[in-house]
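Here are the chains, one letter per residue:
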Number of protein chains: 2
Amino acid sequence: MPRRTAPDDGQPRLATIRDVARHAGVSVATVSRILSGTYPSAPSTRAKVMRAVRELDYVANAHARGLAGVRPKSVAIVVNSVISPHYAHVAQGVQEEAAREGRLCIVGTTGGDPERELATIGLMRQEQAEAVILVGNIVADDAHRERMASIARALARAGSQLVLCGRPPLGPDVPAIVVEYDNTAGAHAITSHLLSVGHRRILFLGRRTGYTTPDSRIAGYRAALTTHRVPHDPGLEVDGTMERGEGHRMMRERLDRGPRDFTAIFAANDLIAAGARDALRERGLRIPDDISMVGFDDLPPAADIDLTTVQVPHEDLGRTAVRLALNSETPGTAQHVLLGTHIVTRTSVHHRPGP
Amino acid sequence: MPRRTAPDDGQPRLATIRDVARHAGVSVATVSRILSGTYPSAPSTRAKVMRAVRELDYVANAHARGLAGVRPKSVAIVVNSVISPHYAHVAQGVQEEAAREGRLCIVGTTGGDPERELATIGLMRQEQAEAVILVGNIVADDAHRERMASIARALARAGSQLVLCGRPPLGPDVPAIVVEYDNTAGAHAITSHLLSVGHRRILFLGRRTGYTTPDSRIAGYRAALTTHRVPHDPGLEVDGTMERGEGHRMMRERLDRGPRDFTAIFAANDLIAAGARDALRERGLRIPDDISMVGFDDLPPAADIDLTTVQVPHEDLGRTAVRLALNSETPGTAQHVLLGTHIVTRTSVHHRPGP
DNA sequence: CATCTACATGGAAGCGTTTCCGCTTGAGGG
DNA sequence: CCCTCAAGCGGAAACGCTTCCATGTAGATG
């Protein structure tokens, strides 16, 4: 790996600011000032410099600039995968806001693996990004959470802001911004919707513990039952992960198990709802004629299967994350922001006449 | 913006390699060598250094390293938006391969705007990424293409590899790698599928000119007609953009226009197919009983609406792009790679008895 | 006409890292 | 026992940029 002036390395060295200065007949300092645009300069000099820049096709070296003390304008985002619609939407929001603020966006994926997450954050740390945005839940043990907290502190020391998007706070004294939407309120609202049109026995399909998002969704479901003075039957809560295949499995097994003792279904997300719908169709059951169903998220499958669901401000989440991170004067101050949700009504719910 | 040693700036300066050296009682050079891991060193020294690194929570500064001549390990990807499933899948492939190769991934979005694309590439250029991967079609005039060609040359000079993913080559002497899948062959195959089960009048829904991808899809459609000696009727080609709403519009207008003179539909992508399906349903027409339909891409809506379609190796596209870019010894060599597709059969096509 | 001020510019230090070159040290061969 | 040699390490230059400080020059003021 040759480093000193390689004489004839095929690679014709890139133009540097010094080349521009020489070419324009001015000093390096002048070129730098003119390009940064924040200092006074004579129009004639400016013209000369601009011409040289054009002629040499000069592009400033971001590394040199970063080293020289200018905080690199970039935000980093870490997600499970960019395919998953939820992450994609949040990432899109981050992108948009970052671009609006003239920031570059560095993306890392973890595939849901805590180790890879840590490694990825390490890379981001080297890049000195202004903000590191972590999106989504990862099943993590206490050790992982402790390591994360120490990373949060290290980032704060380095002047970067850590943002957790839709992930539980790490603790009261950990310097991080947390942005979530109100899962509990959303679940409460949509469950109430089912209850208010006459349903009394509502099957819950989804993760019951472990992750926080579904946790708070089931909490909203239970709270709504209480609010409406409908007895809570734990037998109506079916446990499974938040994927389409799981929705299919949960529904199938439930239908196989015995007589149908529910009139509506609350799927903890739209993917589960889509899977459950497939299982229902296999049994000849139709939505909403035979069974009503609602979901959560309002992501792509929802509209295609005409699902009434909870619309969630995914992109807002990303935008808010960036905005808060860049505006936080002192990186290291903890904040907690909760975004609202609302119900989008399609055709998957039927009114059920009272008993 | 203080730059010199800020005495009491609240921001406790980050540990540098010099701090580590001092702390471990060795020289800066030794620390660097040990951390790079490619030089011999005494085990005892190594241990001392590692301890200091841990105690000071030292993280190397990527900018300083980049400046000191180590090529930053990163690839840049520019897409229209990360929401769109096609881009998301390609981006995921890029991510995966980049991560496997220990590279960071910088992402920029353009929203389909050529100006923003150019600006984004400029930023990427500053970062000195090893590769710049452009995904997707942008409607561009000759001037834009010329500017792009000159950027390609500039990147090559800087030792970065430009990769075009699913976008037409810029010209014979432009140093860029082009990775595409074979749209024409795919369209030929799926049209042949319709023809082989008896359909003779097949409506084409999609963009007829301008973008290259649909261009080659319609070419495959026409070629298949020729292969099967079925007369080509330009009246069966309906023009519109590649979006769901457009599919709906094209279908609706066609149905309003007069008697139905086709038995099957080839939608240039799944989104159009989904929109067309909505319009058919509004008219009480069912798939496949009344009309057969096929799409292209096999992206999310396809499975939900049981569409027979052409499956395309989106993620492979991204992975291949990264692999080719990183393995290209001399950035600047032009290459052209074509990836294959295959048909996935669902239930949207009915056999049609011959006349 | 001398002096002051404000502005435009140049010189140079320093950012944190890598790597070249040269020095010391201890082991092994003659 | 001396010499050679390699391993291990330290000093220092270089990467390209920004900004502090100093310097020169023009116009305004006394």
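Our structure is the block above this text.
Remember, predicted model here, so these are calculated numbers, not experimental data.

(A) Geometry of the overall build of chain A. A tally of helices and strands in chain A yields 13 helices and 12 strands. Whereas a compact globule of 355 residues would reach a radius of gyration of roughly 20 Å, chain A reaches 27 Å, over 25% beyond that. Once the C-alpha set of chain A is aligned to its principal axes, its extents read approximately 90 × 40 × 40 Å. Counting over 355 residues, chain A shows a buried share of 52%. Taking all contacts inside chain A whose residues are at least 6 apart in sequence as the whole, residues at least 24 apart take part in 74%. Surface summary for chain A: the accessible area is close to 15,800 Å², and the carbon and sulfur share equals 52%.

(B) Representation of the sheet that holds strand β7 (residues 237-239) of chain A within the structure. Residue and element names in this part refer to chain A. Taking strand neighbours across the sheet as the criterion, the 4 strands line up as β7-β6-β8-β9 in an open arrangement whose pairing is parallel. Each edge of the sheet is formed by a strand with only one pairing partner; in this case those strands are β7 and β9 (292-294). The sheet shows a mean angle of 20° between the axes of neighbouring strands, taken without regard to direction. Strand contacts of helix α8 (residues 183-196): β6 (202-206), β8 (264-267) and β9, with the helix running at about 170° to β8, the strand carrying the most contacts. In this fold helix α10 (residues 244-257) packs onto β6, β7 and β8, with an angle of close to 140° to the strand it touches most, β6.

(C) Quick look at the protein's contact with DNA strand C. Around DNA strand C, the structure places 27 residues, and the nearest of them are Thr30, Pro40 and Thr45 of chain A together with Ile17 and Tyr58 of chain B. Here, DNA strand C places atoms within 4 Å of the protein, and 66% of those atoms are sugar or phosphate. The backbone of Ser27 of chain A places a nitrogen or oxygen atom 2.7 Å from a phosphate oxygen of DNA strand C. Every element with two or more residues in the surface near DNA strand C is listed here: α2 (28-36) of chain A together with α2 (28-36) and α4 (62-67) of chain B. Here the surface near DNA strand C gets 4 residues from one element, more than from any other, and that element is α2 of chain B. In terms of residue class, the surface near DNA strand C is built from 14 nonpolar, 7 polar and 6 charged.

What counts, and where the lines are drawn
- Every chain's residues receive numbers from 1 upward, in the order its sequence appears when written.
- Chains and ligands are labelled sequentially in the order written, the chains with letters from A and the ligands with numbers from 1.
- Residue-level local features of this predicted model are given only where pLDDT is at least 70; pairs of side-chain atoms are given and counted only at 80 or more, and the full residue set underlies all totals for whole chains, interfaces and linings.
- As a rule here, side-chain values cover all heavy atoms of the structure and leave hydrogens and water aside.
- Numbering of helices and strands starts at the N terminus; helices are DSSP runs of H or I of at least 4 residues and strands are runs of E of at least 2.
- With the radius of gyration taken over C-alpha atoms, the globule rule is written as 2.2 Å times the number of residues to the power 0.38.
- Three labels apply to residues, based on accessible area from a 1.4 Å probe with only protein chains included: buried if under 20% of the type maximum, exposed if over 50%, partly exposed otherwise in between.
- Two residues form a contact once any of their heavy atoms are found within 4.5 Å.
- Accessibility throughout is a Shrake-Rupley quantity obtained with a 1.4 Å probe, and a residue counts as covered only by protein chains that appear here.
- When DSSP locates at least two bridges between a pair of strands, those strands are taken to pair.
- Fitting a line to C-alpha atoms yields each axis, with helices limited to the stretch in contact; the angle taken between N-to-C directions then spans 0 to 180 degrees.
- When we say a residue is near a molecule or strand, we mean one of its heavy atoms is within 4 Å of it.
- Polar contacts, as counted here, are pairs of nitrogen or oxygen atoms within 3.5 Å of one another; within protein the pair requires one atom able to donate a hydrogen and one able to accept it, and residues that are adjacent in sequence qualify only if both atoms are side-chain atoms.
- Each residue gets one label: Ala, Val, Leu, Ile, Met, Phe, Trp, Tyr, Cys and Pro are nonpolar, Asp, Glu, Lys and Arg are charged, and the others, such as Gly, are polar.

Remember, this is a structural readout, not a statement about activity or role.
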